[in-house]
Amino acid sequence: MILNPSQKRGLVGAAILAAVLIAIGLIVTYFGSRYQLRLVYSAFVNLLVVLAMQVFMGNARLTNLSHSAFMGIGAYVAAICVTPVTVKAISLPDAPWGLNTFSLDPVSSAVLAIVITAVLALIIGLFVVRLTGSGVTIFSLAVLVIVHSVFLYRTDIFKGNQAFFGIPQVFSLTSIVVLSVIVVFLVRLFRESRWGIQLRACADDEVGAAAMGVNIRRLRLIAWVLSAVLLAVAGIAYAFFLGTISARPFYFNHVFLTLAMLILGGMRTVTGAVLGTLLISFGLECVRWLETGPVLLGVDLPEVLGLSGIALGVVIVLTMALRPGGIMGDYEIEDFLLKGQE
Amino acid sequence: MEYVAQQVMNALAFGAEYALIALGLAIVFSIMGLVNFAHGEVIAVGGYTMVAFAALALSNPFIVIGGAIAAAVLMSLTLERVAFRPVRYADPTTGLLTAFGVSIILQNVFLLVVSPRPVAVTSLYFLDWPVRLMGVQVSSLQVFEAVTTVLVIIGLMLFLKRTTLGLAMRAASLDFEMVRMVGVRSNRVFAMAFMVSGLLAGLACIFIMARRGSVDPHLGFNPVLKAFVACVVGGFGSLPGAVLGGFLLGAIEVAMLVLLPQEYGGMKDAFVFGIIALVLVWRPDGILSPRTEKGDKI
Amino acid sequence: MELSTQPGAFPAPGPEPMLKVENLIVSHGPIEAVHGISFAVDQGRCVSLLGPNGAGKTSTISALMGVARSSGQIAFDGADISDLPVESRVQAGMSVAPEGRRIFSNLSVEENLVLGGATRPDRDGKDADISRWLETFPILGERRDQLAGTLSGGEQQMLAISRALMTRPKILLLDEPSLGLAPKIVTQIFQMIEQLKADGMTILLVEQNATQALRLSDYAYLLNNGRIVAEGTKETLGQSSALMAELTGIA
């Protein structure tokens, strides 16, 4: 395969980002506490989610709010498949369709989870791509609410807000760093691919792109399904590390959190997605620490619940008011390093 | 027969509430393309104002109701000044995300300043008593709701038809720049839109509070979520569409409650949103959408 | 038809023109459409900006109204209005019938006129003006309650000009009033403009239809690629310039 210049630049950019991620992974592996390792792991899960969001929102420039739902679908399907029969006999005694009578190895479970998420995304996507602007936003909102209702209501399969436990913890920090590096390359190459470029052209001038013979709906569907597949991967990584999942993390709070990450860094670029995730993950931990009312420089700070939420909201509002394109705008990381090498 | 009549009344009352909120959203959307997710927090502000009045031992119903509505209007105007002015002419996504941010901030401020738990407000219970209407037992609150909504719609129509600012708001939904070019100050149009929106939120707040009897940081979130859906179904930016969507949603919701078997009760929202999503696929721009054209204006 | 041109008063503008534009630069995003033009309109005169498509005529009008990003000085009625927002310029006495007419299509004909007079505090005078325009254009009178979007192009242009006049402006900016209209309607529109001029209205007319525009203009500027390439009265411009012929099609 011959790469064009922008794809080559994309590889360079992705390699730089990958190096940063690997460095973080190494530092935490060797110097981090067990608690810090968990935090960094969840930051990497969110990174996968934000990268997946970038595929659709950054290229098609449409706001999707259902991403956490697809992550949840991936996580639950994998969890149901991989959990041993003995555990399911206790946790899901009333499961229909013999769901508690089989169990698969982690790889098959992950593949099945990805396939099922992709098929669902394809079906939903066929509707999504018919819509525009606010229509997509509201439709995706409906998807989020529907999926969450199903998680909550079918307690016999998903256990609702109770913990779905007993998932084999087969993932480590190393696995998710490797996964993130692969996804960074994938997402960046998609951005620079013919599909990615055409999608962005459509977002800038839909009528013009249509006149050039670009099939907008097909392109959006591709991005939508790819995004959902990556979200399923994030969900699986989440379930395979924690060993326990519930419906709550796949709803509005998570939607807002990841949205803030994408917005802050800048949804138009992969670098923006990575940067936003890292900044907010780190910043939020600092705020959470303040929230508990620590002793700082001899001053005993009061406990302030809700501070992290306020901080998150302020980040979104300020970003939108001051830099609607996010910190990175239209710049990728290599644009700073390879100046003048067009 | 009585059961059917009661359910119809239920549907009307639900629909009226959604229509009030949806109108508040649509009026802002129509002039600035802003999907105002923070509308729910404007409603919640009204609820917390009632808590404050109760704490001050003010229980005169007129003061409580007037105060809550005034607080909602004030909040709405403040949001326009502080949060939405910088993104006034930005693309819809920027506005939507800003509104999301504002919504998160306010919810957490309520949580931080007041409490994450529901706070009881009993000052509006007097609005609710059983009445017999044409031989059918209904709640007075439902009657108030339906009547208020009808009055609001009439009032809004008169405002939009008879006043210059009302005409400007209608015109602004298609060509804001031209409205400015006949000399109408854009700040006045925006402020009026948010004022009307806040007023509608305040009214909705009264009814929500009278029914629930308590306020928590998420008071407005779910109703607004549904009102959005109503707006989209009716055709975003279309005021008649918002009303139609609101009543349609009320009807679907009551129908779901009545028709769904007991054990599927928890899935009500899933079915409601599912039906709405299908309506959207059938008519991507909503049932009564204002025709918008892509591409350049000639 | 009599033309009320007053030979001898031009080309030198009066000591205090109604509108005086100096070194106006207009940009749309990164693209500069007008590269520093200067012109003036004296009170009671009709001045036109002529030129082909893309010459920068409409950009100039947008800049004058304050809806396009621009730099340079715009003095109107003795005051510098360069930094005023669009609403204040209308208050100061500028009014426009823009390119593409842009009537409020979801409002009735009468509502368009009412909104046109939004800045007027005098209710009675406003009502009188509405009646006046509905009588001047009987077709608009007949359709006063009809949605403006259902009018024909010519009717919409009449409505756009009437709406602009509802503010009782000191200067009227007309942007391509003849665009896309049948020849018979064009004649009607220009008769209306001529009548306005006879009534003493100061007019800045932007046109591609140079023949018609020159006929009633006291002075004209010829624009091409964002610069003024020629200027003069009807006679001087019309006779001499080969450029004129090339750019406007007048032999």
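This text goes with the structure placed above it.
A quick note: this is a predicted structure, and the numbers were derived from the prediction, not measured.

S.K.: Please explain the overall build of chain C as it appears in this structure.
M.R.: Tallying secondary structure elements over chain C gives 10 helices and 10 strands in all. Contacts in chain C between residues far apart in sequence, at least 24 positions, make up 68% of those at least 6 positions apart. When the accessible surface of chain C is summed, it comes to about 10,600 Å², and 49% of that surface belongs to carbon and sulfur atoms.

S.K.: What is the right way to look at unusual backbone geometry in this model?
M.R.: A negative phi angle is the norm for most residues apart from glycine, just as the trans form is the norm for most peptide bonds. Residue and element names in this part refer to chain C. In this structure, asparagine 23 takes a positive phi of about 55 degrees despite not being glycine. Within the element layout of this structure, asparagine 23 appears in strand β1 (residues 19–28). Although it is not a glycine, arginine 168 adopts a positive phi angle of roughly 55 degrees. With respect to the element layout, arginine 168 can be found in the loop between α6 (153–165) and β7 (171–175). Overall, arginine 168 belongs to the exposed group, its relative accessible area being 51%.

S.K.: Looking at this model, I keep getting lost on the interface of chain C and chain B. Mind explaining?
M.R.: Buried accessible area, meaning the area lost when the parts come together, often serves as the stated size of an interface. Counting residues at the interface gives 25 residues for chain C and 20 residues for chain B. Regarding the contact of chain C and chain B, the summed buried area is about 2,000 Å², with carbon and sulfur atoms giving 60% of it. Considering only the surface of chain C that becomes buried against chain B, Glu87, Arg102 and Leu115 of chain C emerge as the three largest contributors, covering 30% of it. At the surface where chain C touches chain B, the tally comes to five salt bridges. At the junction of chain C and chain B, the tally comes to seven residue pairs in polar contact (both at pLDDT 80 or more). If you list the elements that add at least two residues to the side of chain C that touches chain B, you get α2 (86–92) and α3 (109–116) of chain C. When residues of the side of chain C that touches chain B are assigned to their parent elements, the largest contribution, five residues, is made by α2 of chain C. The residue makeup of the side of chain C that touches chain B, split by class, is 12 nonpolar, eight polar and five charged.

S.K.: Would you take a moment to explain helix α5 (residues 140–162) of chain B for this structure?
M.R.: All names here are of chain B. Along its 23 residues, α5 runs 32 Å from first to last C-alpha, staying within 8% of the 33 Å computed at 1.5 Å per residue. Those residues of α5 lying buried are Ser140, Leu141, Gln142, Glu145, Ala146, Thr148, Thr149, Val152, Leu156, Phe159 and Leu160. Buried residues along α5 sit against α1 (2–32), β2 (130–133), β3 (136–139), α6 (164–172), α8 (186–212) and α10 (239–259). Measuring from the side-chain oxygen of the N-cap residue of α5 to the backbone nitrogen of leucine 141 gives 3.0 Å; that N-cap residue is serine 139.

S.K.: I tried to follow the sheet that holds strand β4 (residues 69–76) of chain C on my own but got confused; where do I start?
M.R.: Whenever strands of a sheet pair, they do so through backbone hydrogen bonds, lying parallel or antiparallel. Residues and elements named next belong to chain C. Judged by pairing direction, the sheet is antiparallel, and its four strands sit side by side in the order β2-β1-β4-β5 without closing on themselves. For this open sheet the edge positions go to β2 (31–41) and β5 (79–80), each flanked by a neighbour on one side alone. Bridge count for β4 against β5 is two bridges, and the pairing is antiparallel. Residue pairing for β5: phenylalanine 76 is matched across the bridge by alanine 79. Lying over the sheet, helix α1 (residues 57–65) contacts β1, β2 and β4, oriented at roughly 110 degrees with respect to β1.

S.K.: In this structure, what is going on with a nonpolar patch on the surface? I would like to understand it.
M.R.: Residue and element names in this part refer to chain B. Taken together, the side chains of Met1, Tyr3, Val4, Val8, Leu12, Leu257, Val258 and Leu259 present a nonpolar region at the surface, about 840 Å² in accessible area. Those elements giving two or more residues to the nonpolar patch turn out to be α1 and α10. Mapping valine 4 onto the fold places it in helix α1. Residue classification places valine 4 among the partly exposed positions, given a relative accessible area of 46%.

S.K.: Looking at this model, I keep getting lost on the interface of chain B and chain A. Mind explaining?
M.R.: With 39 residues of chain B at the contact, the number on the chain A side is 38 residues. A combined buried area of about 3,400 Å² lies between chain B and chain A, and 83% of that area is made up of carbon and sulfur atoms. When residues of chain B are sorted by the area they lose upon contact with chain A, Leu97, Ile104 and Val281 of chain B head the list and together hold 17% of the total. Seen at the junction of chain B and chain A, the total is zero salt bridges. Counting the contacts that link chain B with chain A gives zero residue pairs in polar contact (both at pLDDT 80 or more). Within the residue set of the side of chain B that touches chain A, elements represented by two or more residues are α4 (92–113), α9 (221–234) and α11 (268–282) of chain B. Looking at the side of chain B that touches chain A element by element, the count peaks at 14 residues for α4 of chain B. Of the residues contributing to the side of chain B that touches chain A, the split by class is 27 nonpolar, eight polar and four charged.

S.K.: In this structure, what is going on with the pattern of salt bridges? I would like to understand it.
M.R.: Evaluation of the coordinates by the stated rule reveals 24 salt bridges over all chains. Here glutamate 192 of chain A makes a salt bridge to arginine 188 of chain A, at a shortest N to O gap of 2.9 Å. Of this pair, glutamate 192 of chain A and arginine 188 of chain A both sit in helix α8 (residues 173–192), four residues apart, roughly one helical turn. The same class applies to glutamate 192 of chain A as to arginine 188 of chain A, namely buried. Salt-bridge contacts for glutamate 111 of chain C lead to arginine 170 of chain B; the nearest nitrogen and oxygen are separated by 3.1 Å.

S.K.: Where do I start with the arrangement of the chains in this structure?
M.R.: Once contacts are tallied for each of the two pairs of chains in contact, the highest total is for chains A and B. The two partners chain A and chain C share no contact, and the minimum distance between any of their C-alpha atoms is 15 Å.

S.K.: What should I look at first to understand the nonpolar core in this one?
M.R.: Among soluble globular proteins, nonpolar side chains are generally buried collectively. In terms of nonpolar packing, the biggest core is built from 256 residues, with Phe37 and Phe84 of chain B together with Leu19 and Leu204 of chain C touching the most fellow members. Residue contributions to this core peak at 17 residues, all from helix α11 (residues 216–242) of chain A. Those residues in contact with leucine 19 of chain C, other than ones at most four positions away along the chain, are Phe39, Ala40, Val41, Leu64, Ile74, Ala75, Phe76, Met94, Ile171 and Leu204 of chain C. With 40 residues, the next largest nonpolar core counts Met158, Ala164, Ile189 and Ala230 of chain C among its residues.

S.K.: How do you make sense of the sheet that holds strand β3 (residues 46–50) of chain C when you look at a structure like this?
M.R.: Residue and element names in this part refer to chain C. What the six strands build is an open sheet, ordered β6-β7-β8-β3-β9-β10; its pairing is mixed. Strands with a single pairing partner mark the edges of an open sheet, and in this sheet they are β6 (94–97) and β10 (227–232). Between one strand axis and the next, the sheet turns by 20 degrees as a mean value, whatever way the strands run. Bridge analysis of strand β9 (residues 219–224) against β10 gives five bridges, and the strand direction is antiparallel. Pairing of leucine 223 across the sheet is with isoleucine 228, part of β10. Packing of α6 onto the sheet brings it into contact with β6 and β7, and relative to β6 it is tilted by some 175 degrees. On top of the sheet, helix α7 (residues 183–198) reaches β3, β7 and β8 (202–207); it is set at about 155 degrees to β8, its chief contact.

S.K.: Just to check I follow, could you spell out the environment of leucine 239 of chain B for this structure?
M.R.: All names here are of chain B. Relative to the assigned elements, leucine 239 resides in helix α10. Leucine 239 gets classed as buried once you look at its relative accessible area, which sits at 16%. Remark: the alpha-carbon pair of leucine 239 and alanine 19, spanning 220 residues in sequence, is separated by 9.6 Å. Those residues within four positions of leucine 239 in sequence are excluded, and the remaining contacts are Leu23, Ala26, Ile27 and Leu160.

S.K.: Teacher, can you tell me more about the packing of helix α1 (residues 5–31) of chain A against helix α2 (residues 34–60) of chain A here?
M.R.: Packed helix pairs are characterised by how far apart their axes lie and by the angle those axes make with each other. All names here are of chain A. Two numbers describe how α1 lies on α2: the axes approach to 9 Å, and their chain directions differ by 160 degrees. The angle between α1 and α2 falls in the class roughly antiparallel. Both α1 and α2 take part in a crossing whose hand is left-handed. Contact residues: Leu21, Ile24, Val28 and Phe31 in α1; Gln36, Leu37, Val40, Phe44 and Leu47 in α2. Tallied by class, residues from the contact of α1 with α2 come to eight nonpolar, one polar and no charged.

S.K.: Where do I start with helix α2 (residues 39–55) of chain B in this structure?
M.R.: A turn of α-helix holds 3.6 residues, and therefore any two residues three or four places apart point the same way. All names here are of chain B. Taking 1.5 Å per residue as the helical rise, α2 with its 17 residues ought to reach 24 Å, and the 25 Å between its terminal C-alpha atoms agrees with that figure. Burial runs high along α2: 14 of the 17 residues are buried. Among the residues trailing α2, alanine 57 stands out with phi positive, at a value near 60 degrees.

S.K.: In this structure, what is going on with the packing of aromatic side chains? I would like to understand it.
M.R.: By convention here, two paired aromatic rings are described through the distance between centres and the angle between planes. Taken as a whole and assessed by the stated rule, the structure comprises 26 aromatic pairs over all chains. With a centroid separation of 6.5 Å and an interplanar angle of 35 degrees, the aromatic rings of phenylalanine 127 of chain A and phenylalanine 139 of chain A are classed as tilted. Separated by 12 residues along the polypeptide, phenylalanine 127 of chain A in helix α5 (residues 106–128) and phenylalanine 139 of chain A in helix α6 (residues 133–153) bring together distant segments of the chain. For phenylalanine 127 of chain A, a relative accessible area of 30% translates into the label partly exposed. Owing to a relative accessible area of 5%, phenylalanine 139 of chain A belongs among the buried residues under this scheme. A centroid spacing of 6.5 Å and a plane angle of 40 degrees characterise the contact between phenylalanine 37 of chain B and phenylalanine 221 of chain B, whose relative ring orientation is tilted.

Conventions adopted
- Residues numbered from 1 in each chain as written.
- Chains lettered and ligands numbered in written order.
- Predicted model: local features only at pLDDT ≥ 70, side-chain atom pairs only at ≥ 80, totals over all residues.
- Heavy atoms only, no water.
- Helix = DSSP H or I, 4+ residues; strand = E, 2+ residues; numbered from the N terminus.
- Contact = heavy atoms within 4.5 Å.
- Areas by Shrake-Rupley, 256 points an atom, 1.4 Å probe, with all protein chains shown as cover.
- Buried < 20%, exposed > 50% of the residue type's maximum accessible area, 1.4 Å probe, protein only.
- Buried area = accessible area lost by both parts, 1.4 Å probe.
- Salt bridge = Lys/Arg side-chain N within 4 Å of Asp/Glu carboxyl O.
- Polar contact = N/O pair within 3.5 Å; in protein donor to acceptor, adjacent residues only side chain to side chain.
- Nonpolar A, V, L, I, M, F, W, Y, C, P; charged D, E, K, R; others polar.
- Expected span 1.5 Å × (residues − 1).
- Pairing = 2+ DSSP bridges.
- Axes fitted to C-alpha atoms, helices over the stretch in contact; angles between N-to-C directions.
- Patch = residues over 30% accessible without salt bridge, like charges linked within 9 Å, V, L, I, M, F, W, Y side chains within 5 Å.
- Core = buried A, V, L, I, M, F, W, Y, C linked by side-chain atoms within 4.5 Å.
- Parallel < 35°, antiparallel > 145°, perpendicular 65-115°, else oblique.
- Left-handed = near helix turned anticlockwise from the far one by under 90°.
- Phe/Tyr/Trp six-rings, centres within 6.5 Å; stacked < 30°, edge-to-face > 60°.

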